[in-house]
Amino acid sequence: MSIATTMIIRLEIRKSEASFGDVASKLASAGGDIVAIDVIRGGKDVTTRDLTVNVQDAANEEIIRVLKDMPGIKVINVSDRTFLAHLGGKIEVTPKMPIKNREDLSLVYTPGVARVCTAIAEDPSKAYSLTMKRNTVAVVSDGTAVLGLGDIGPEAAMPVMEGKAMLFKQLADIDAFPLCLDTKDPEEIIQIVKAVAPGFGGINLEDISSPRCFEIERRLSAELDIPVFHDDQHGTAVVALAGLLNALQVVDKTIEDSRIVVVGIGAAGVSICRLLLAAGAKQIYAVDRAGILHRDEAYSNPEWSWLAEATNPENLSGGLDAAMRGADIFIGVSGPGILKVEHLKTMAPDSIVFAMANPTPEIEPELAEPYVKVLATGRSDYPNQINNVLCFPGIFRGALDCRAKTVNLEMKLAAAQAIAAVVHPDERNEQYIIPSIFNEKVVEQVRLAVIRAAIATGIARRVPPDIS
Ligand SMILES: NC(=O)c1ccc[n+]([C@@H]2O[C@H](COP(=O)([O-])OP(=O)(O)OC[C@H]3O[C@@H](n4cnc5c(N)ncnc54)[C@H](O)[C@@H]3O)[C@@H](O)[C@H]2O)c1
Ligand SMILES: O=C(O)C[C@H](O)C(=O)O
Ligand SMILES: [Mg+2]
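Sequence positions are assigned chain by chain, starting from 1 and proceeding in written order. Chain letters start at A and ligand numbers start at 1, both assigned in the order the entries are written. pLDDT decides what is reported in this predicted model: residues at 70 or higher carry local features, side-chain atom pairs at 80 or more are listed and counted, and totals for whole chains, interfaces and linings draw on all residues regardless. By convention in this description, side-chain values take in all heavy atoms of the structure and omit both hydrogens and water.

- In the nomenclature of an unreviewed UniProt entry, the protein chain corresponds to NAD-dependent malic enzyme from the organism Paenibacillus tritici.
- Turning to the protein chain, the UniProt annotation filed under Sequence similarities (unreviewed entry) states: "Belongs to the malic enzymes family." UniProt positions are given in the numbering used here, feature names are shortened, and annotations may be inferred rather than shown by experiment.

And the structure:
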């Protein structure tokens, strides 16, 4: 799968050995299109230039290889628009007012600030009105399951967490802060998050591998009085259910009568299975590397033991091939390329395929399209993007606004229905089962649905003024 991009290549050209014309023709033959040239240093013998080159494939290493092989050419640096967008990080902290003089200083800092501190010490709930707590979410990761890239560590997880923070701000006006932890020990993660929690109104756990993520979230939810939400579990499940509700309408099937294969029973897969069961699904087949979860096997992961009981009505064993035969729906949250066209050919007519692994889906959309009725991926460069970004900004906006203690099942089901309902029945079709993340109704509809569900289930500690 290729993504067209623009590369910026800084070159030194030794004039006695190579000309700019040689460079241009080599680049063209390797698939690069020069769109701009900047002379950085023009010397008598050596010139340094930045070439802006359009390439059809972001992973085009051939371009650099041909340049490196050219006599008289030295590649000094290679960048592209994606990397440039990350220079110095993607977010910053901005004060709400400038400190222009001594008077300002004594308001926001010593001595004025001391009175505010004392007020909070006397009544800690005032942290909600007098600090950034009520609008701030910690995005916590240990870097163990970053997208589908696996355990790449806390530093490498930062760009994703900064990206989540950008989305929180832009879509829901929530100040989110990335906290990437240099520990994989669940107990240590729990203690660290509890220790930093006073400054936050909510905790978004992100890209923490399973099964550790289940215990971490369960303990934090029980031990903190602010909402703790593992995005890869519940954000994904909410959006998958939303897409599924609309896709089922398109193919005129019901969730109760559909045979549903969920592959990748990690953070996302477990939560998807649980939410689909709560939404009425009766025939789920949960498949991981060891095959279909079934009742004749003892699993060390308690979530798997639970799912083996709650899914797989015929107690089927076997692998993906066995699960896919006659399936109406495939939901993949596993890894790249595990689904083959051969599998699609064995599915029931009018099949639905959600290949949600990031950044590379379970099957290339181009391969799958001819064999399925509704196709969705987690990516923004294809129609039907099933991505948890449709959920986490609105669900936290709602939970923060009504000061919910937690995010319960009713709030998640309400969020899924709200996302699905943004697509009007008249507009709904195979290519449009889920709203765009830029659809301005999404966050507000999810917020309202979540607040109403929180109030109805008694976990809201405040009724926002716009809710009747
Ligand atoms: N589109 C979205 O919104 C979204 C949201 C969350 C996760 N994801 C993607 O889903 C994938 C899983 O994420 P996660 O957080 O649940 O990770 P995870 O590590 O918790 O779980 C992944 C699971 O997939 C299983 N798996 C891997 N390869 C497999 C294979 N060949 N066959 C069967 N099972 C296999 C693993 O054993 C593991 O249980 C990632 O690619 C991630 O990017 C997408
Ligand atoms: O980060 C994303 O785009 C979605 C999801 O949280 C993932 O881990 O893949
Ligand atoms: Mg994630």
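### Quick notes on the sheet that holds strand β3 (residues 46–55)
Moving on, step 1. Taken together, four strands build an open sheet; the order of strands is β2-β3-β1-β4 and the sheet is antiparallel. At either margin of the open sheet sits one strand with a lone partner, and together these are β2 (32–42) and β4 (73–80). Mean inter-strand twist for the sheet, computed between neighbouring axes without regard to direction, equals 20°.
Moving on, step 2. Working rule for contacts: check all heavy atoms of both residues, and any pair within 4.5 Å makes them a contact. Interaxial angles span 0 to 180 degrees and are taken between N-to-C directions of axes, which are lines fitted to C-alpha atoms, for helices over the stretch in contact. Segments assigned H or I by DSSP are reported as helices when at least four residues long, segments assigned E as strands when at least two residues long, and all are numbered from the N terminus. Strands in contact with helix α1 (residues 20–29) are β1 (5–14), β2, β3 and β4; relative to β2, the strand with the most contacts, it is inclined by about 150°.
Moving on, step 3. Across the sheet, helix α2 (residues 61–68) lies against β1, β2, β3 and β4, angled at about 5° from β1, the strand it touches most. We treat two strands as partners when DSSP finds at least two bridges between them.

### Some points on the side chain of Arg259
Moving on, step 1. Its location among the elements puts Arg259 in strand β9 (residues 259–263).
Moving on, step 2. Partly exposed residues are those whose accessible area sits between 20% and 50% of the maximum for their type, while under 20% is buried and over 50% is exposed, using a 1.4 Å probe and protein chains only. Overall, the relative accessible area of 13% leaves Arg259 in the buried class.
Moving on, step 3. Within 3.5 Å is the distance limit for a polar contact, defined as a pair of N or O atoms, with the added protein rule that one can donate a hydrogen and the other accept it, and that residues adjacent in sequence qualify only through two side-chain atoms. Within the structure, Arg259 has its side chain in polar contact with the side chain of Glu314 (distance 3.3 Å).
Moving on, step 4. Leaving out residues up to four positions away in the same chain, Arg259 has contacts with Gln283, Tyr285, Glu314, Leu316, Ala323, Arg325, Gly326, Ala327, Asp328 and Ile329.

### Points about the packing of aromatic side chains
For any pair of aromatic rings, the description consists of the separation of the ring centres together with the inter-plane angle of the planes.
Moving on, step 1. Centres within 6.5 Å are what make two rings of Phe, Tyr or Trp a pair, Trp counting through its six-membered ring; a difference in plane orientation under 30 degrees is then read as stacked, over 60 as edge-to-face, and the rest as tilted. Applying the stated criterion across every chain, the model contains four aromatic pairs.
Moving on, step 2. Arranged with centres 4.8 Å apart and planes meeting at 55°, the rings of Phe168 and Phe392 form a pair that is tilted. Of this pair, Phe168 sits in helix α7 (residues 154–172) while Phe392 sits in helix α16 (residues 392–401), and the two are 224 residues apart along the sequence.
Moving on, step 3. For Phe168, a relative accessible area of 0% corresponds to the buried category.
Moving on, step 4. Between Tyr299 and Trp304, the ring centres sit 5.8 Å apart and the planes meet at 80°, which makes this aromatic pair edge-to-face. This pair shows no difference in class: Tyr299 is buried, exactly as Trp304 is.
Moving on, step 5. Cluster of aromatic residues (ring-pair linked, three or more members): Phe168, Phe229, Phe392 and Phe396.

### Topic: the coordination of the magnesium ion (ligand 3)
Put simply, a metal with four donors set out as a tetrahedron has ideal angles of 109.5 degrees, and one with six donors set out as an octahedron has ideal angles of 90 or 180 degrees.
Moving on, step 1. Sites may look incomplete, because water is not among the atoms used; the donor set itself consists of N, O and S atoms within 2.8 Å of the metal (3.2 Å for Na, K and Ca). Looking at the magnesium ion (ligand 3), the protein donor atoms are Glu206 (OE), Asp207 (OD) and Asp232 (OD), and they sit 2.0 to 2.1 Å from it.
Moving on, step 2. Of note, the donors binding the magnesium ion (ligand 3) are all from one chain and are spaced E-D-x24-D. Of this pair, Glu206 sits in the loop between β7 (202–205) and α9 (212–223) while Asp232 sits in helix α10 (residues 231–251), and the two are 26 residues apart along the sequence.

### Some points on the site of ligand 2
Moving on, step 1. Note on definitions. A residue lies near a molecule or strand when any single heavy atom of the residue is within 4 Å of it. As a structural note, the neighbourhood of ligand 2 is formed by Leu147, Lys164, Glu206, Asp207, Asp231, Asp232, Asn358, Asn387 and Asn388.
Moving on, step 2. Contact distances for ligand 2 include 3.0 Å between an oxygen atom and a side-chain N or O atom of Glu206.
Moving on, step 3. At 3.0 Å, a side-chain N or O of Asp207 approaches an oxygen atom of ligand 2.
Moving on, step 4. Three categories are distinguished: nonpolar for Ala, Val, Leu, Ile, Met, Phe, Trp, Tyr, Cys and Pro, charged for Asp, Glu, Lys and Arg, and polar for the others, with Gly belonging to the last. Of the residues assigned to the shell around ligand 2, the class counts are one nonpolar, three polar and five charged.

### A closer look at the sheet that holds β9
Moving on, step 1. Spatially, the six strands line up as an open sheet ordered β11-β10-β9-β12-β13-β14, and their pairing is mixed. Either end of the sheet is taken by a strand with one partner, and the two such strands are β11 (291–292) and β14 (374–377).
Moving on, step 2. Bridge count between strand β10 (residues 283–288) and β11: two bridges; the pairing is antiparallel. From the neighbouring strand, Asp288 faces β11, where its bridge partner is Gly291.

### So, the UniProt feature "domain: Malic enzyme N-terminal" (unreviewed entry) in the protein chain
Moving on, step 1. Mapped onto this numbering, the UniProt entry annotates "domain: Malic enzyme N-terminal" (unreviewed entry) at residues 88–221.
Moving on, step 2. The distance separating the terminal C-alpha atoms of residues 88–221 is 34 Å; by composition the span is 46% helix and 12% strand.

### A short note on the pairing of strand β12 (residues 329–332)
Moving on, step 1. Burial of the side chains of β12 extends over both faces: Ile329 and Ile331 are buried on one face and Phe330 and Gly332 on the other.
Moving on, step 2. Sheet topology places β9 next to β12; four bridges connect them, and they run parallel. Residue Val262 lies in a different strand from β12, and its bridge partner there is Ile331.
Moving on, step 3. Summarising the sheet, β12 and strand β13 (residues 352–355) pair through four bridges and their orientation is parallel. Directly across from Gly332, in β13, lies its bridge partner Ala355.

### Digging into the UniProt feature "domain: Malic enzyme NAD-binding" (unreviewed entry) in the protein chain
Moving on, step 1. What UniProt calls "domain: Malic enzyme NAD-binding" (unreviewed entry) maps, in this numbering, to residues 233–455.
Moving on, step 2. In the segment residues 233–455, helix accounts for 42% and strand for 11%; the C-alpha atoms at its two ends are 23 Å apart.

### Digging into the site of ligand 1
Moving on, step 1. Taken together, 24 residues are adjacent to ligand 1, and Ala267, Ala268, Asp288, Ile386 and Asn388 come closest.
Moving on, step 2. A distance of 2.9 Å is found between an oxygen atom of ligand 1 and a backbone nitrogen or oxygen belonging to Ala268.
Moving on, step 3. A distance of 3.4 Å separates a nitrogen atom of ligand 1 from a polar atom in the backbone of Arg289.
Moving on, step 4. Protein coverage of the free-state accessible area of ligand 1, which is 850 Å², stands at 86%.
Moving on, step 5. Its residues assigned to classes, the shell around ligand 1 comprises eleven nonpolar, ten polar and three charged. Residue-level accessible areas treat just the shown protein chains as cover; the underlying method is Shrake-Rupley with a 1.4 Å probe.

### What to know about the pattern of salt bridges
Moving on, step 1. The term salt bridge refers to a pairing of a side-chain nitrogen on Lys or Arg with a carboxyl oxygen on Asp or Glu at a separation within 4 Å. For the coordinates displayed, the defined rule picks out 23 salt bridges.
Moving on, step 2. Residue Arg65 is joined to Asp69 by a salt bridge in which the shortest nitrogen-to-oxygen separation is 3.1 Å.
Moving on, step 3. One salt bridge in this structure joins Glu206 and Lys164, with 3.5 Å as the shortest N-O distance. Linking Glu206 in the loop between β7 and α9 with Lys164 in helix α7, this pair joins segments that are 42 residues apart in sequence.

### Observations concerning the nonpolar core
Moving on, step 1. Among the nonpolar cores identified, the biggest contains 103 residues, and Ile203, Leu276, Ile331 and Phe354 are the most heavily contacted of them.
Moving on, step 2. The biggest single contributor to this core is α10, with ten residues.
Moving on, step 3. For Ile331, the contacting residues outside a window of four places in its chain are Leu244, Ile260, Val261, Val262, Val263, Ile272, Leu276, Phe354 and Met356.
Moving on, step 4. The next biggest cluster of nonpolar side chains, apart from the first, holds 21 residues, and it includes Val263, Met324, Ala368 and Leu375. Among buried residues, the Ala, Val, Leu, Ile, Met, Phe, Trp, Tyr and Cys ones that are joined through side-chain atoms within 4.5 Å form a nonpolar core.

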